[in-house]
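Fold and geometry: a report
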Amino acid sequence: MKSFIEVPPSHHFPIQNLPYGCFVHGGKQAIGVAIGEYVLNLRVVAENNLFDGPILSKATSVFQQTTLNEFMAMGKQAWKEARSSLQKILSSDEPILRDNSSLRSLALIPISEVKMVMPAKIGDYTDFYSSKYHASNVGIMFRGKENPLLPNWLHIPVGYHGRSSSVVISGTPIKRPVGQIKAPDASVPSFDVCKNLDFELEMAFFVGPGNELGETIPISQAHDHIFGMVLMNDWSARDIQVWEYVPLGPFLAKNFGTTISPWIVTMDALSPFLTSGPSLEAQLLPYLKEEGKKAYDIHLDVSIKTASMSHPSPLSHSNLKYMYYSVTQQLAHHASNGCNMQPGDLCGSGTISGPVLFFYFYLISYLFLSFRFSLIFLVIIFSAYFFYILFLLLNMVNNK
């Protein structure tokens, strides 16, 4: 399938994607989809009766809203119909928009001319801890290699409730937080600026139709309740976190800011990337068991660019397929106690780490964010990283 809009082969927004987002143009906020370097204004599409399917032709008001919540609530049949209609009107074989210059000028807006805003009103935000590699690496750091995972981890998708009001889109400034910090050699804590600000490479999904309070979402139906996914950075104040997290987990170390990408990629667009996930190391309870391909082969990269750098510098690479628990298992578990999920709720995957040694690099990423870059500091960090990997390899050899 090809669009009449020219989209380079390497572009993230071809006609096969069509991610949803919300934007402001000319002082008005609207819902749109991205196609190449343009935004297709769905309010204009709806007003001109281009949604002609049996569901959306009777519900065009959902595209008159300023957020995607109402459309999310309609469910997968409406989402599929919208995707089919949009791909049709944007295709190279369809003249309805291609050959109508006046309509095209209203409906298609250069992305460079719009301001992206939050795609949904997020009622609740939950962050999971679903990468075994990440959980093991952190466990080794805090508890040693003999006890990297807590007893429940291989049986339950661990998560915690975050702060939805501080979830923002890419480009929003994040202020370095302050909080209680207790230095290792201090007898009492101090109230100070965070010195160990970290990033966490994650993806997150938006909930579509929810469930009533007291009802569950069976694992076999969970996919129908997931609208799409975004990239996510769950900023973390590590020096605040290490002091406050016992016994109830992180609080001020996390709730000062979480960044998501402004475009939501639908699960239908992601379906070609379905793949098998990691092998399970423990028998799961029936409500979490699922068959078939449930992981997604999505390559992820992290780079950093400071004010003094002319080009971004790569920090790490990973892939969503390394997540031990799938997004459907996360959602089914979240609702298993009767918790009522709602359209627009956001669920983060947790830090996405992988099996390759280079993926361990994220563990020292907060050091890069905590100090000014200098040649001497970079040499020290890379030397420490080299000896850390050497230490791991020697331990592996000695344990065989």
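What you are looking at is a predicted structure, and each value in this text was computed from that prediction instead of being measured. (Residues numbered from 1 in each chain as written. Predicted model: local features only at pLDDT ≥ 70, side-chain atom pairs only at ≥ 80, totals over all residues. Heavy atoms only, no water.)

1. Brief notes about the sheet that holds strand 3 (residues 38–41)
Heads up, the condition is: A pair of strands is considered paired only if DSSP assigns at least 2 bridges between the two. Each helix is a run of H or I in the DSSP string that is no shorter than four residues. Each strand is a run of E no shorter than two, and both are numbered from the N terminus. Axes here refer to lines fitted to C-alpha atoms; in helices the fit is confined to the stretch in contact. Angles between the N-to-C directions go from 0 to 180 degrees.
Pairing within the open sheet is antiparallel, and its 5 strands lie in the order 4-3-2-1-5. Looking at which strands have only one partner, the edges of the open sheet turn out to be strand 4 (108–110) and strand 5 (115–117). Across the sheet, the mean angle separating the axes of adjacent strands is 45° when strand polarity is ignored. Pairing of strand 1 (residues 20–25) with strand 2 (residues 28–35), which is carried by 6 bridges, proceeds in the antiparallel orientation. In the sheet register, Val-24 faces strand 2, and the bridge partner there is Gln-29.

2. Concerning helix 3 (residues 76–90)
For clarity, the cut-off: Under the convention used throughout, the expected extent of a helix is 1.5 Å for every residue step, that is, one less than its residue count. Between buried and exposed lies partly exposed: a residue is buried under 20% and exposed over 50% of the maximum accessible area for its type, with that area taken using a 1.4 Å probe on protein chains only.
Its 15 residues give helix 3 an end-to-end C-alpha distance of 21 Å, which sits within 8% of 21 Å, the value for a rise of 1.5 Å per residue. Taken as a whole, helix 3 has its buried residues at Ala-78, Trp-79, Glu-81, Ala-82, Arg-83, Ser-85, Leu-86, Gln-87, Ile-89 and Leu-90.

3. Focus: the side chain of Asp-234
Basically, it comes down to this: As used in this structure description, the phrase polar contact means that two N or O atoms lie within 3.5 Å; if the pair is within protein, one of them must be able to donate a hydrogen and the other to accept it, and residues adjacent in sequence are counted only when both atoms belong to side chains.
By the secondary structure assignment, Asp-234 is in strand 13 (residues 226–234). Residue Asp-234 is classed as buried on the basis of its relative accessible area of 0%. Of note is the side chain of Asp-234, whose polar atom sits 3.0 Å from the side chain of Tyr-160. There is a polar contact of 3.4 Å between the side chain of Asp-234 and the side chain of Lys-254.

4. As for the side chain of Asp-239
Put simply, the rule is: Neither His nor the chain ends contribute to the count of charged residues, in which Lys and Arg are positive and Asp and Glu negative. Definition used for salt bridges: Asp or Glu carboxyl oxygen within 4 Å of a side-chain nitrogen of Lys or Arg. For this analysis, residues touch if any pair of their heavy atoms sits within 4.5 Å.
By secondary structure assignment, the location of Asp-239 is in helix 7 (residues 238–244). Although Asp-239 is buried, it makes no salt bridge; Lys-195 carries the closest opposite charge, 5.7 Å away. Reaching out from Asp-239, the side chain makes a polar contact with the backbone nitrogen of Lys-195 at a distance of 2.8 Å. Engagement of the side chain of Asp-239 in a polar contact is seen with the backbone nitrogen of Asn-196, the distance being 3.4 Å. Asp-239 has contacts with Gln-180, Ile-181, Cys-194, Lys-195 and Asn-196, leaving out every residue within four places of it along the chain.

5. Concerning the pattern of salt bridges
Throughout the structure, instances matching the rule amount to 9 salt bridges. Note that Glu-200 and Arg-238 form a salt bridge whose closest N and O atoms lie 2.7 Å from each other. Of this pair, Glu-200 sits in the loop between strand 11 (197–198) and strand 12 (201–207) while Arg-238 is found in helix 7, placing the two residues 38 residues apart along the sequence. Each of the two residues, Glu-200 as well as Arg-238, counts as buried. A salt bridge links Lys-254 to Asp-234; the nearest nitrogen and oxygen atoms lie 3.4 Å apart. Of this pair, Lys-254 sits in the loop between helix 7 and strand 15 (258–260) while Asp-234 sits in strand 13, placing them 20 residues apart in sequence. Note on accessibility: Lys-254 and Asp-234 belong to one class, buried. Here the salt bridges share partners, and the residues they tie into one network are Asp-198, Glu-200, Asp-234, Arg-238 and Lys-254.

6. Notes on the packing of aromatic side chains
Here is the rule: Two aromatic rings, drawn from Phe, Tyr or Trp (for Trp, its six-membered ring), form a pair once their centres lie within 6.5 Å of each other, and the interplanar angle then sorts them: stacked below 30 degrees, edge-to-face above 60, tilted otherwise.
Taken as a whole, this structure holds 11 aromatic pairs when the rule is applied. Aromatic pair Phe-71 and Phe-227: ring centres 5.8 Å apart, planes at 80°, arrangement edge-to-face. Of the two residues, Phe-71 is situated in helix 2 (residues 69–74) and Phe-227 in strand 13; the sequence distance between them amounts to 156 residues. Phe-71 gets classed as buried once you look at its relative accessible area, which sits at 1%. Arranged with centres 5.2 Å apart and planes meeting at 80°, the rings of Trp-79 and Phe-227 form a pair that is edge-to-face.

7. Quick word on the nonpolar core
Cut-off, in case you're wondering: Residues grouped as a nonpolar core are buried Ala, Val, Leu, Ile, Met, Phe, Trp, Tyr and Cys residues, joined through side-chain atoms within 4.5 Å.
Residues Leu-40, Leu-42, Phe-71, Leu-90 and Leu-346 are the most contacted members of the largest nonpolar core, which totals 56 residues. For this core, the element with the highest residue contribution is helix 3, accounting for 6 residues. Sequence-distant contacts of Phe-71, that is, excluding residues within four places in its chain, are made with Tyr-20, Leu-56, Val-62, Phe-63, Ala-78, Trp-79, Ala-82 and Phe-227. Ile-217, Ala-269, Val-302 and Met-323 belong to the second-largest nonpolar core, a separate cluster that totals 28 residues.

8. With respect to the pairing of strand 19 (residues 299–304)
Side-chain alternation along strand 19 places Leu-300, Val-302 and Ile-304 on a buried face and His-299, Asp-301 and Ser-303 on a face that remains uncovered. Sheet topology note: the strand 19/strand 20 (residues 313–319) ladder contains 6 bridges and is antiparallel. Following the sheet pairing, Ile-304 is matched in strand 20 by Ser-313.

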